[in-house]
Every structure is written in structure tokens, then in C-alpha cells.
Amino acid sequence: MNKDYQAYSDFKEGVNKGLDIAKYAFEENLEKLSLSSSDEDKIERIRLLENDFNMLLDTITLPKTPNCSEELLDGVQTGFEKSKKIFKEFIKESFPLENT
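Residues numbered from 1 in each chain as written. Predicted model: local features only at pLDDT ≥ 70, side-chain atom pairs only at ≥ 80, totals over all residues. Heavy atoms only, no water.

Peer 1: Would you explain the packing of aromatic side chains in this entry?
Peer 2: In this description, an aromatic ring pair is defined by two values, namely the gap between the centres and the angle between the planes. Evaluation of the coordinates by the stated rule reveals 4 aromatic pairs. Judged by centre distance (6.1 Å) and plane angle (75°), the ring pair of Phe 26 and Phe 53 falls under edge-to-face. Of this pair, Phe 26 sits in helix H1 (residues 2-28) while Phe 53 sits in helix H2 (residues 42-58), and the two are 27 residues apart along the sequence. On the accessibility criterion, Phe 53 (3% relative accessible area) is buried. (Phe/Tyr/Trp six-rings, centres within 6.5 Å; stacked < 30°, edge-to-face > 60°. Helix = DSSP H or I, 4+ residues; strand = E, 2+ residues; numbered from the N terminus. Buried < 20%, exposed > 50% of the residue type's maximum accessible area, 1.4 Å probe, protein only.)

Peer 1: Please clarify how the confidence of the model for the chain should be interpreted in this entry.
Peer 2: Confidence in the prediction for the chain averages 82 pLDDT; 81% of positions are at 70 or higher. Per-element confidence in the chain is highest for helix H3 (residues 70-94), whose mean pLDDT is 91, and lowest for H1, whose mean pLDDT is 84. (pLDDT = per-residue confidence, 0-100.)

Peer 1: Mind showing me how you'd approach H3 here?
Peer 2: Turn by turn, an α-helix covers 3.6 residues, leaving residues three or four places apart pointing in a common direction. Between its first and last C-alpha atoms H3 spans 36 Å; for 25 residues at 1.5 Å apiece the expected length is 36 Å, and the two agree. Regarding H3, the residues found buried are Leu 72, Leu 73, Gly 75, Val 76, Gly 79, Phe 80, Ser 83, Lys 84, Phe 87 and Ile 91. (Expected span 1.5 Å × (residues − 1).)

Structure representation (C-alpha cells):
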């Protein structure tokens, strides 16, 4: 039971770490993610922003070290996936598509 609890704790810690890494990666690369666009290419710009952010997170690799369990690494990947969803929602809210 203690091992299961430790695995959950490592996973949860990994999720939080993944969310933090994604946040810092976003902040450090904000200038690469141009948020301005004309109305004509808004749909394409939204798609590109989402793809750029996802690729940014996909290129981050964390090596397994003696102090880093497999559960923690799985949690980091889950944190990255949650960050991708959060960013997608942020884009949708920031650039609402209006039917005209």
C-alpha cells in the first residue's frame, strides 16, 4: 500500500511539474507565438498557435535519473497534455470565431 501511495504521489508531483514546465516554456517562448493576426487568417493562425505550442512541449524531454521515477515522468507527460488542452481553450477564448 505504501508503494501505491508513493506512486500516486510521484505521479501527482509529475503532473504539477509538467504544468509548471509548460507554463515556463510558454513564457520563455511567447515572442515566438505571435498572438496578433488579421481577421482573414484567424482560423489558420489559431491552428498554427496550437501546433506551435504543442510542438514546443513535445520537444521537451526529461531524462530518467535515479531520483526520478517512471510514475513521475508519466505525470509530467500528463501535465503536458493538460497544458495543451488549457492552451487550446485559452486560444478559443482569446480569438473567438464569429460567424458573419
